[in-house]
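Observations on the model geometry
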Amino acid sequence: MKLSDLLSIHESLELAAERVDDLVPLVYERFFALRPDARALFGNDALGRGRMFNETLTMILECTQEVGYLEGIVEREVGDHREYGATLSMYESYFEAVVQAMQDAVGESWTPSHEESWRRQLKHLMSIVARHAQIADGPLNH
Ligand code: HEM
């Protein structure tokens, strides 16, 4: 368990909430700027995007606590996301967009320690995604 990452990520979320009402549009603006080809996979309904970001936050917080059931949850999401057309490199861009959006939202209160904690946990999550992407129906296209 990486308590310092949990606290640091939690603190940055609080700082972001003081400044920004809704992080979701910031995340997707960044994501689609990095990966314009991912936009076409999404519908116009904001609800799906909101649920996706909520689930991502939950997973990151679960990563810091090393909860055992995370593997199974990621496995299911990776499977569902094959149907949507999500590729491994899109996950990388999405996670990058999440860090950039957090940094935008937190503004000048963003610290190197926030950045390190987010990057370390997202890297960990990416490794779980990549592992499950290799199993099941074979590797995802890059
Ligand atoms: C850990 C990373 C991710 C998590 C936890 C996650 C989770 C979710 C969840 C919970 C939903 C909502 C499903 C529903 O409401 O029925 C969703 C929808 C979706 N996700 Fe993800 N997702 C992740 C990464 C990605 C990536 C990298 C892509 C790449 C394009 C992607 C593409 C989509 C699409 C296209 C939808 C359908 C949403 C819509 O049409 O509005 N997701 N995701």
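Heads up: the structure comes first, above all this text.
Here is a short report on the structure shown in this document. (Residues numbered from 1 in each chain as written. Predicted model: local features only at pLDDT ≥ 70, side-chain atom pairs only at ≥ 80, totals over all residues. Heavy atoms only, no water.)

Remarks on the site of the ligand
The environment of the ligand is made up of 19 residues, and the closest members are L41, G43, R51, M52 and H81. Note that an oxygen atom of the ligand is positioned 3.0 Å from one of the backbone N or O atoms of G43. The site holding the ligand turns out to be the largest pocket. Looking at the shell around the ligand, the elements that each hand over two or more residues are α4 (46–64), α5 (70–84) and α6 (88–106). Looking at which element gives the most residues to the shell around the ligand, the answer is α4, with 6 residues. A per-class count over the shell around the ligand returns 11 nonpolar, 4 polar and 4 charged. (Near = heavy atom within 4 Å. Polar contact = N/O pair within 3.5 Å; in protein donor to acceptor, adjacent residues only side chain to side chain. 1 Å grid on protein atoms, 1.4 Å probe; cavity = no way out; pocket = protein on both sides within 12 Å on 5 of 7 lines; lining within 4 Å. Sits in = over half its atoms within 2 Å of the grid points. Helix = DSSP H or I, 4+ residues; strand = E, 2+ residues; numbered from the N terminus. Nonpolar A, V, L, I, M, F, W, Y, C, P; charged D, E, K, R; others polar.)

A short note on the pattern of salt bridges
Summed over all chains, the structure comprises 6 salt bridges. Residue E71 is joined to R131 by a salt bridge in which the shortest nitrogen-to-oxygen separation is 2.9 Å. With E71 in helix α5 and R131 in helix α7 (residues 112–134), the pair connects residues that are 60 residues apart, well separated along the chain. For E71, a relative accessible area of 28% corresponds to the partly exposed category. Here the residues in one salt-bridge network are E96, E115 and R119, joined through shared partners. (Salt bridge = Lys/Arg side-chain N within 4 Å of Asp/Glu carboxyl O. Buried < 20%, exposed > 50% of the residue type's maximum accessible area, 1.4 Å probe, protein only.)

Brief notes about the packing of aromatic side chains
This model, assessed by the stated rule, comprises 10 aromatic pairs. Counting every residue linked through ring pairs, the aromatic cluster contains Y28, F31, F32, F42, Y91, Y94 and F95. Against the face of Y28 rests R49, its NZ or CZ located 5.5 Å from the ring centre. (Phe/Tyr/Trp six-rings, centres within 6.5 Å; stacked < 30°, edge-to-face > 60°. Lys NZ or Arg CZ within 6 Å of the ring centre and 35° of its normal.)

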